[in-house]
Amino acid sequence: MPYKKLEEYNIQVTDDVKNRYKSIIEELGEDTTRDGLLKTPERAAKAMLFLTQGYHQDPVEVLKSAMFKESYNEMVIVKDIELYSLCEHHMLPFFGKAHIAYIPNGNIVGLSKLPRVVDIFARRLQVQERLTEGVLDCINDTLKPQGVAVVIEAYHMCMMMRGVQKQNSVTTTSGFRGQFEKIETRNEFLKLIGK
Ligand SMILES: Nc1nc2c(ncn2[C@@H]2O[C@H](COP(=O)(O)OP(=O)(O)OP(=O)(O)O)[C@@H](O)[C@H]2O)c(=O)[nH]1
Ligand SMILES: [Zn+2]
């Protein structure tokens, strides 16, 4: 699929999706002809298409579009990348931060591309574990660095608003490849992100 910048993404809402949202709202007991709800099926459909636009975007293309030959071979860290995703079990948001590090192996990548890759994987129906591995493997396979590390910390609305109703529990997932499999490199990264 061709690489488009997120802001250029053209979202099409079909009447079919709109009508399905309308039926759901009516099933919930609401009146879809009242003023406030008239445009809600369309708005909801648009919002959901926005939140799942990652299915139409290629993270490999994003990384390849800004890879530069450089001899720098120390750790590069982009931390505190905010992320918003949807859990695939309840289609409720989970949100938090991603921290990414890599050690180049001849190529560096445009820094903004790392948050873009996070967004592409986050804007799909996800579990936090697969989101973490998706970002990790994409960077590892495309950039082929000496090592890559990804840590994600997130709050899950399905555990906050419903279900067990725990407001303060944070889920942390992580993945390490290459040099970061060595304990001292991993510890340096964790120290630099404040963990
Ligand atoms: N591993 C993992 N689990 C998740 C994630 N997001 C949501 N879940 C969990 O997915 C599970 C789905 O379990 P089910 O028992 O089928 O669903 P449920 O009856 O709604 O479960 P409760 O949330 O416990 O009420 C729940 O335990 C959620 O907390 C995630 O990113 N990773
Ligand atoms: Zn859930």
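The structure displayed is predicted, hence computed values, not measured ones. (Residues numbered from 1 in each chain as written. Chains lettered and ligands numbered in written order. Predicted model: local features only at pLDDT ≥ 70, side-chain atom pairs only at ≥ 80, totals over all residues. Heavy atoms only, no water.)

### A word on the overall build of the chain
Okay, so step 1: The helix and strand tally for the chain stands at 7 helices and 7 strands.
Okay, so step 2: The secondary structure elements of the chain, listed N-terminal to C-terminal, are α-α-α-β-β-β-β-α-β-α-β-α-β-α.
Okay, so step 3: Reported as C-alpha extents along the three principal axes, the dimensions of the chain are approximately 60 × 40 × 20 Å.
Okay, so step 4: The buried share among the 195 residues of the chain stands at 40%.
Okay, so step 5: Partitioning the contacts of the chain with sequence separation of at least 6, the portion at a separation of at least 24 is 72%.
Okay, so step 6: Of the roughly 11,100 Å² that the chain leaves accessible, carbon and sulfur atoms contribute 52%. (Helix = DSSP H or I, 4+ residues; strand = E, 2+ residues; numbered from the N terminus. Buried < 20%, exposed > 50% of the residue type's maximum accessible area, 1.4 Å probe, protein only. Contact = heavy atoms within 4.5 Å. Areas by Shrake-Rupley, 256 points an atom, 1.4 Å probe, with all protein chains shown as cover.)

### A short note on the domain arrangement of the chain
A common way to express how large an interface is: the accessible area buried when the components associate.
Okay, so step 1: In terms of domains, the chain is made up of domain 1 (6-51) and domain 2 (58-192).
Okay, so step 2: Put simply, the middle of domain 1 and the middle of domain 2, counted by C-alpha atoms, are 31 Å apart.
Okay, so step 3: Between domain 1 and domain 2, a total of about 560 Å² is buried, with carbon and sulfur atoms accounting for 62% of that surface.
Okay, so step 4: Linking domain 1 to domain 2 there are 0 salt bridges.
Okay, so step 5: At the boundary of domain 1 and domain 2, one finds 0 residue pairs in polar contact (both at pLDDT 80 or more).
Okay, so step 6: Of the residues that constitute the side of domain 1 that touches domain 2, the class distribution is 4 nonpolar, no polar and 1 charged. (Domains from an automatic or database assignment. Buried area = accessible area lost by both parts, 1.4 Å probe. Salt bridge = Lys/Arg side-chain N within 4 Å of Asp/Glu carboxyl O. Polar contact = N/O pair within 3.5 Å; in protein donor to acceptor, adjacent residues only side chain to side chain. Nonpolar A, V, L, I, M, F, W, Y, C, P; charged D, E, K, R; others polar.)

### Quick word on the coordination of the zinc ion (ligand 2)
Okay, so step 1: Protein coordination of the zinc ion (ligand 2) is provided by Cys87 (SG), His90 (ND1) and Cys158 (SG), with donor distances spanning 2.1 to 2.4 Å.
Okay, so step 2: Between consecutive donors of the zinc ion (ligand 2), the numbers of intervening residues give the motif C-x2-H-x67-C. Residue His90 is located in the loop between strand 2 (76-87) and strand 3 (93-103), and its partner Cys158 is located in helix 6 (residues 157-160); the two are separated by 68 residues in the primary sequence.
Okay, so step 3: For Cys158, a relative accessible area of 10% puts it in the buried group. (Donors = N, O, S within 2.8 Å, 3.2 Å for Na, K, Ca; no water.)

### Topic: the side chain of Ser85
Okay, so step 1: With respect to the helices, strands and loops of the structure, Ser85 is situated in strand 2.
Okay, so step 2: Here Ala122 takes part through its backbone oxygen, which lies 2.7 Å from a polar atom of the side chain of Ser85.
Okay, so step 3: Setting aside anything within four residues of it in sequence, one finds Ser85 in contact with Leu92, Pro93, Phe94, Ala122, Arg124 and Gln126.

### Here's the deal with the site of ligand 1
Okay, so step 1: As a structural note, the neighbourhood of ligand 1 is formed by Cys87, His89, His90, Val127, Gln128, Glu129, His156, Cys158, Met159, Arg162 and Gly163.
Okay, so step 2: Residue His89 places a side-chain N or O atom 2.8 Å away from an oxygen atom belonging to ligand 1.
Okay, so step 3: A distance of 3.3 Å separates a nitrogen atom of ligand 1 from a polar side-chain atom of His156.
Okay, so step 4: Computed on the free molecule, ligand 1 has an accessible area of 630 Å², of which 51% lies beneath the protein chains in the complex. (Near = heavy atom within 4 Å.)

### Regarding the environment of Met157
Okay, so step 1: On the secondary structure map, Met157 appears in helix 6.
Okay, so step 2: For the pair Met157 and Asn19, spaced 138 residues apart in sequence, the C-alpha separation works out to 26 Å.
Okay, so step 3: The residues touching Met157, leaving out its near neighbours within four places in the chain, are Leu92, Pro93, Phe95 and Arg162.

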